[in-house]
Amino acid sequence: MIGHMIVQNTLHRPVRTFITVIAVAVEVTLVIMVVGLTSGLLSDSAKRTEGVGADIMVQPPSASIFMAFSGAPMPIAIGDKLQQLEYVQAVAPVLVQFNSVNGLDIVYGIQPETFRSVSGGFVLHDGTELRDSNDILVDDVYARAKKIKVGRTLHILEHDFHVAGIVEHGKGARLFVLMSTLQEMSGAHDKASVFFIKCDRSDHTAAAADEVRELLPHYEVRPLKDYISLMTSSNLPGLGAFINVMIGIAVAIGFLVTFLSMYTTIIERTREIGVLKSLGASKTYIVEIILSETTLLCFAGVVTGVGLSYLTRIILLKVFPSLPILITVKWIFLAGLIAILGGLLGATYPAWLASRKDPVEALAYE
Amino acid sequence: MEPILKTENLWKMYRTGRMEVPALRGVSISILPGEFVSIMGPSGCGKSTLLHVIGGLAQATSGRVLLDGNDLTEMSDAARTLLRRHKVGFVFQRFNLLPTLDTYHNIALAQHIHGNGFDPHRFEAVASLLGLSERLRHKPSELSGGEQQRVALARAIISEPKIVLADEPTGNLDTKSSETVLALLRQLNKDLGQTIVMITHNPEAATYGDRVLHMRDGMVVNGSAAHS
């Protein structure tokens, strides 16, 4: 009976219902997209770093795991010392540069030989490897997104590069240039941001890491298998807070809209509440009706929001094909839960007000 | 015979600013089971207030209201709610049907709140008695005033209350519909023994009851036998 009543109530005021559902849907979409974008970017970055094929990465003391935020303070000569260690098979220094022209990208400055010795080399889709100081390699995702072909000029880092080849994605960055070129451009002569180390056997990784720590005390020495687990929003300064603020704003939207919607509903239905009371409906019964209706609206909003999130992802991927957006079941569930709880919280006060209405006054309401 | 409803020196005061205005001033009435009593009086004489107090919708300021042996003046709000649910059926001048529900659900709602589950036999009997069997899927906006009041009447009696309190049930109806509704009230009283207290300021409507109580300035001034 209550189910029928609340469905009829929601159908009775379609515009109000539509607005509430859309507000909750926007809330859900906002949560899913903010989390999906950040975790997608982090996960994508982690996978690509892992895809370099190294066992260990070495960074300067106190360096961020987010390589784009670290400078290049390590002398490249360290690579020679690392190469001497017992369990080290190959060392590849990489200079990392952050590019913000035409999008946000990380550029790897590499030495083709050392990078190949660690990563096993690029899988070329088209063109050649890096040969000239102005050459650049782009991965297939970037090439597809920017419609880049071999031989074209690519203007990044205030420099015109010649696209020498298109390579399979998944080897650290999407853009690769010669390390010497990047050192020259960034004034970081003989410097590297990170050393990727390939061990002679993967079960020697821990021993090799200990050797490196002994050689370079205070440096950040990270086995790559631990890297993905470190790539979370909580490890990026401010990102966790940003996500929380965005979720907070989303919840506030849902809360306020639900509050206003249910508040106007109970004002509008004052006489009906009086009728229910005259029939002997308890306060709990009236609260149950209001909260059940809110749950229904929020649930419809959650379903719409999930659909809207996937639609937004499709649209974003059309516009920015390389944008990684990770929509997970966990966050769909959490966003739904947040929206429903926020909505119920918003409806609590109107429901309480409704339950306390004086039946005589309510019946006389015009 | 024990009265089903009895009030003793019933007072109800309303506060307007600093002033206390008496709506009921020592009302003492007694209604027997199976009686159909009309209460008449001019606007503002306290008829509706009396109905609200004896139906447990409002609390008396002083005095006693005994409904089926329960003293409403000593009851909490929750207890009066429970008493309304099980022992009182209301019919209002403006029908007060839920606009989003059809006839069937408006009537079934009372049974649902009553809590004894849906009784299809009782439902069918009431719908048939009130001539609503063909109008069960219609919403209030699709019904005439007379039909709406019949739905309200069905809702009031579906859970077999001890007493039906009707507040100007024909106040919003044309003559023909009024006669139909009054005849139905009379029939419910005669055939089912339903106790009814009806407020009206229509002397003709009042004659449908067994007796008429006259109110003025918050007091019952006299009672008389009705002349149908």
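Model, not experiment: these values are computed from the prediction.

1. Details of the overall build of chain A
Phase 1: Across its full length, chain A carries 13 helices and 12 strands.
Phase 2: Relative to the globule expectation of 21 Å for 366 residues, the C-alpha radius of gyration of chain A, 29 Å, shows a markedly less compact shape.
Phase 3: Taken along its principal axes, the extent of the C-alpha atoms in chain A is 90 × 45 × 30 Å.
Phase 4: Buried positions account for 50% of the 366 residues belonging to chain A.
Phase 5: For chain A, contacts bridging at least 24 residues in sequence account for 80% of all contacts bridging at least 6.
Phase 6: Counting only carbon and sulfur atoms, one obtains 62% of the accessible surface of chain A, whose full area is about 16400 Å².

2. Notes on the side chain of A:Thr10
Residues and elements named next belong to chain A.
Phase 1: Structurally, the position occupied by Thr10 is in helix 1 (residues 2-12).
Phase 2: A distance of 2.6 Å separates the side chain of Thr10 from the backbone oxygen of Val7, its partner in a polar contact.
Phase 3: Discounting chain neighbours no more than four positions away, the residues touching Thr10 are Thr17, Glu293, Leu296 and Leu297.

3. Quick look at the domain arrangement of chain A
Phase 1: Once the domains are mapped, chain A shows domain 1 (2-43 + 238-363) and domain 2 (61-218).
Phase 2: Taken over C-alpha atoms, the centre of domain 1 of chain A sits 47 Å from the centre of domain 2 of chain A.

4. Description of the interface of chain A and chain B
Phase 1: Contact residues are listed per partner, giving 25 residues for chain A and 23 residues for chain B.
Phase 2: Contact between chain A and chain B buries roughly 2300 Å² in total, counting both sides, with carbon and sulfur atoms accounting for 64%.
Phase 3: Counting the surface chain A buries against chain B, the share from its top three residues, A:Met1, A:Leu279 and A:Val360, is 26%.
Phase 4: Counting across the chain A and chain B interface gives 1 salt bridge.

5. Some remarks on unusual backbone geometry
Residues and elements named next belong to chain A.
Phase 1: Despite not being glycine, Leu157 has its phi angle at roughly 50°, a positive value.
Phase 2: By the secondary structure assignment, Leu157 is in the loop between strand 7 (153-156) and strand 8 (159-167).
Phase 3: For Leu157, a relative accessible area of 17% corresponds to the buried category.
Phase 4: In this model, Glu158 sits at a positive phi of 55°, which is unusual for a non-glycine residue.
Phase 5: Inspection of the secondary structure puts Glu158 in the loop between strand 7 and strand 8.

6. Re the environment of A:Gly40
Residues and elements named next belong to chain A.
Phase 1: With respect to the helices, strands and loops of the structure, Gly40 is situated in helix 2 (residues 14-50).
Phase 2: Residue Gly40 is classed as buried on the basis of its relative accessible area of 4%.
Phase 3: Sequence separation between Gly40 and Thr295 is 255 residues, and the spatial gap between their C-alpha atoms is 30 Å.
Phase 4: In this view, Gly40 contacts Val35, Pro324 and Leu326; residues no more than four positions away in its chain are not counted.

7. Let's talk about the pairing of strand 2 (residues 19-27) of chain B
Residues and elements named next belong to chain B.
Phase 1: Here strand 1 (residues 5-16) pairs with strand 2 via 7 bridges, running antiparallel. Looking at the pairing, Thr16 lines up with Met19 of strand 2.
Phase 2: The turn joining strand 1 and strand 2, which pair antiparallel and follow one another in sequence, is formed by 2 residues; a positive phi near 70° is taken by Gly17.

8. Notes on the nonpolar core
Residue and element names in this part refer to chain B.
Phase 1: Counting residues in each nonpolar core, the largest one holds 88 residues, and the members touching the most others are Leu50 and Leu109.
Phase 2: Top element by residues in this core is helix 5 (residues 145-157). It accounts for 6 residues.
Phase 3: What Leu50 contacts, discounting residues up to four positions off in sequence, is Leu10, Leu24, Val27, Ile29, Ile39 and Met215.

9. Examining the packing of aromatic side chains
Phase 1: Using the criterion set out here, one finds 12 aromatic pairs over all chains in the structure.
Phase 2: Consider the rings of A:Tyr108 and A:Phe196, whose centres lie 6.2 Å apart with planes at 35°: the pair is tilted. Placement of the pair is A:Tyr108 in strand 4 (residues 105-110) and A:Phe196 in strand 11 (residues 194-199), with a sequence separation of 88 residues.
Phase 3: Ring geometry for A:Phe255 versus A:Phe259: centroids 6.4 Å apart, planes at 15°, classification stacked. Of this pair, A:Phe255 and A:Phe259 are both found in helix 9 (residues 239-268), 4 residues apart, which corresponds to roughly one turn of the helix.
Phase 4: Ring-pair connections join several aromatic residues into one group, and the members of that group are A:Tyr108, A:Phe115, A:Phe122, A:Phe176 and A:Phe196.
Phase 5: Seen from the ring of B:Tyr104, B:Arg137 lies directly overhead, with NZ or CZ sitting 4.6 Å from the centre.

Cut-offs applied
- Residues numbered from 1 in each chain as written.
- Chains lettered and ligands numbered in written order.
- Predicted model: local features only at pLDDT ≥ 70, side-chain atom pairs only at ≥ 80, totals over all residues.
- Heavy atoms only, no water.
- Helix = DSSP H or I, 4+ residues; strand = E, 2+ residues; numbered from the N terminus.
- Rg over C-alpha atoms; globule rule 2.2 N^0.38 Å.
- Buried < 20%, exposed > 50% of the residue type's maximum accessible area, 1.4 Å probe, protein only.
- Contact = heavy atoms within 4.5 Å.
- Areas by Shrake-Rupley, 256 points an atom, 1.4 Å probe, with all protein chains shown as cover.
- Polar contact = N/O pair within 3.5 Å; in protein donor to acceptor, adjacent residues only side chain to side chain.
- Domains from an automatic or database assignment.
- Buried area = accessible area lost by both parts, 1.4 Å probe.
- Salt bridge = Lys/Arg side-chain N within 4 Å of Asp/Glu carboxyl O.
- Pairing = 2+ DSSP bridges.
- Core = buried A, V, L, I, M, F, W, Y, C linked by side-chain atoms within 4.5 Å.
- Phe/Tyr/Trp six-rings, centres within 6.5 Å; stacked < 30°, edge-to-face > 60°.
- Lys NZ or Arg CZ within 6 Å of the ring centre and 35° of its normal.

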